[in-house]
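Chain by chain, the residues:
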Amino acid sequence: MFPETFKTASLTLRPIQLEDAGAIFDGYARDREVTRFLVWRPHRSRDDTLAYIKRCVSDHPLPSRTYVLLGNEDGAVRGAFDVRRPAPHYLDYGYVLAKAWWGRGLMTEALTEIARWALANEAIWRISGVCDAENRASARVMEKAGFAREGLLRRWSMHPNISDEPRDCLSYARVR
Ligand SMILES: CC(C)(COP(=O)(O)OP(=O)(O)OC[C@H]1O[C@@H](n2cnc3c(N)ncnc32)[C@H](O)[C@@H]1OP(=O)(O)O)[C@@H](O)C(=O)NCCC(=O)NCCS
């Protein structure tokens, strides 16, 4: 159901693999600033990253795929993008980018392409995502990719690097 690759002007997305562990750990998974608004704690070792990749590539109850973002210039890992299909008619997603690459429009590019692909699929009517209510950069990515803000989901998600209490999140979607 999910394609092998996505391609944009700056990026190629391909399925994550065990060999990516070093680049992911060094590039962003251990970075406290990158993981601040995420549902997982920073990795402490490459073994943490390897365990995460093993979970990504194992069977899941829902159809899903985790891609790494590779720069077209150098083929190096810049981040990751998770796409999930909780029900046949809609997708949701999550994304992360190494800090060195923030602010260049890369994630907007990736999300725009995935939304274009999703909404060109006859069976898919909705693609949506959430971010911590204070995660302005992620909210901007979704706005710039043409997603409409649907509302504030109160106490929606655990973001353990900020608080032990569930956090309010913004919900964004594109539909057809
Ligand atoms: C969120 C994230 C993926 C954005 O990726 P990116 O490629 O840097 O995003 P873009 O360059 O396409 O756009 C970022 C936008 O947010 C804005 N922005 C960045 N940091 C910001 C901040 N602290 N406050 C307000 N706006 C901010 C940028 O100015 C830009 O908007 P603009 O084009 O209107 O100026 C990246 O910051 C990241 O990986 N963050 C950590 C992980 C994360 O939060 N993932 C999302 C979980 S929901």
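Everything here concerns the structure above.
This one's a predicted model, so the numbers in the text were calculated from it and none came from an experiment.

Trainee: Hey, could you run me through the environment of Ser 138 in this one?
Mentor: Relative to the elements of secondary structure, Ser 138 occurs in helix α5 (residues 136-144). Ser 138 has contacts with Tyr 95 and Cys 131, leaving out every residue within four places of it along the chain.

Trainee: Mind showing me how you'd approach the packing of helix α1 (residues 21-29) against helix α3 (residues 46-57) here?
Mentor: Two numbers describe a pair of packed helices, the interaxial angle and the distance between the axes. Packing of α1 against α3 brings their axes to within 9 Å, and their N-to-C directions diverge by 110°. Taken together, the axes of α1 and α3 are roughly perpendicular relative to one another. For the crossing formed where α1 meets α3, the hand is right-handed. Every residue of α3 that contacts α1 at Ala 21, Gly 22, Ile 24, Phe 25, Asp 26 and Ala 29 is listed here: Arg 46, Thr 49, Leu 50 and Ile 53. The residue makeup of the contact of α1 with α3, split by class, is 6 nonpolar, 2 polar and 2 charged.

Trainee: Mind showing me how you'd approach the site of the ligand here?
Mentor: The local shell around the ligand holds 21 residues, among which Gly 103, Gly 105, Thr 108, Arg 140 and Lys 144 are the closest. The separation between an oxygen atom of the ligand and a polar main-chain atom of Arg 104 is 3.4 Å. A distance of 2.7 Å separates an oxygen atom of the ligand from a polar atom in the side chain of Lys 144. For the ligand, whose free accessible area comes to 960 Å², the fraction covered by protein is 70%. Elements supplying a minimum of two residues to the shell around the ligand: β5 (90-97), α4 (106-119), β6 (126-132) and α5. If you tally residues by element for the shell around the ligand, the top one is α5, at 6 residues. The residue inventory of the shell around the ligand, partitioned by class, reads 12 nonpolar, 5 polar and 4 charged.

Here is what the cut-offs are and how they apply
- Residues numbered from 1 in each chain as written.
- Predicted model: local features only at pLDDT ≥ 70, side-chain atom pairs only at ≥ 80, totals over all residues.
- Heavy atoms only, no water.
- Helix = DSSP H or I, 4+ residues; strand = E, 2+ residues; numbered from the N terminus.
- Contact = heavy atoms within 4.5 Å.
- Axes fitted to C-alpha atoms, helices over the stretch in contact; angles between N-to-C directions.
- Parallel < 35°, antiparallel > 145°, perpendicular 65-115°, else oblique.
- Left-handed = near helix turned anticlockwise from the far one by under 90°.
- Nonpolar A, V, L, I, M, F, W, Y, C, P; charged D, E, K, R; others polar.
- Near = heavy atom within 4 Å.
- Polar contact = N/O pair within 3.5 Å; in protein donor to acceptor, adjacent residues only side chain to side chain.
- Areas by Shrake-Rupley, 256 points an atom, 1.4 Å probe, with all protein chains shown as cover.

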